[in-house]
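Spelled out from the first residue to the last, the chains are:
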Amino acid sequence: MYSKVYSVSCPSDKAEALMAYYDSETAKTVRESDHHVSHQMIEVEAGSYLLVSNYKDQQAADDAQTLVQKMITPLVERFGMRLEIIGAGETIREIS
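Residues numbered from 1 in each chain as written. Predicted model: local features only at pLDDT ≥ 70, side-chain atom pairs only at ≥ 80, totals over all residues. Heavy atoms only, no water.

> Can you help me understand the nonpolar core in this one?
Within soluble globular proteins, side chains that are nonpolar generally end up buried alongside one another. Grouped together as the largest cluster of nonpolar side chains are 22 residues, with contacts concentrated most on Val-8, Leu-18, Tyr-49, Tyr-55, Val-68, Leu-75 and Met-81. Sorting the residues of this core by element identifies strand E1 (2–9), helix H1 (15–32), strand E3 (48–55), helix H2 (58–63) and helix H3 (65–79) as the ones contributing at least two each. Beyond its immediate stretch of four places on either side in the chain, Leu-18 contacts Cys-10, Tyr-49, Leu-75, Phe-79 and Met-81. (Core = buried A, V, L, I, M, F, W, Y, C linked by side-chain atoms within 4.5 Å. Buried < 20%, exposed > 50% of the residue type's maximum accessible area, 1.4 Å probe, protein only. Helix = DSSP H or I, 4+ residues; strand = E, 2+ residues; numbered from the N terminus. Contact = heavy atoms within 4.5 Å.)

Here it is, written out as structure tokens:
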């Protein structure tokens, strides 16, 4: 598995609407993706999140770039979301 960790932020007054859109639209796209394994969204504070995006492997992460851009564009335009990759790499341990 290959993972990317993102810093996600938006104006705090748009955070609830952003998460509602994420839950209804983005989650559906991730579930239907042939590339993604899962997403975990961690709320740091209102309007500030960490997102862990897990892919089958690095090639799947690379292949998902067009899909990811399509998912991000409405979030940026509607909610002023900012997304920054903090790090990426092979997942070497998973405990669940």
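Resuming the write-up.
> Can you help me understand the pairing of E3 in this one?
Looking along a regular strand, one sees side chains alternate from face to face of the sheet. Direction of pairing for E1 relative to E3: antiparallel, over a ladder of 8 bridges. Across the sheet, residue Ser-9 finds its bridge partner in E3, namely Ser-48. As paired strands, strand E2 (residues 36–45) and E3 are joined by 8 bridges and run antiparallel to one another. Following the sheet pairing, Gln-40 is matched in E3 by Val-52. Linking E2 to E3, which pair antiparallel, is a turn of 2 residues; within it Gly-47 sits at a positive phi near 85°. (Pairing = 2+ DSSP bridges.)

> Help me understand the side chain of His-39 in this model?
In this fold, His-39 is placed in strand E2. A polar atom in the side chain of His-39 sits 2.9 Å from the side chain of Tyr-22. A polar contact is formed between the side chain of His-39 and the side chain of Ser-53, at a distance of 3.1 Å. Here His-39 is in contact with Tyr-22, Val-30, Leu-51, Val-52 and Ser-53, once residues within four sequence places are set aside. (Polar contact = N/O pair within 3.5 Å; in protein donor to acceptor, adjacent residues only side chain to side chain.)

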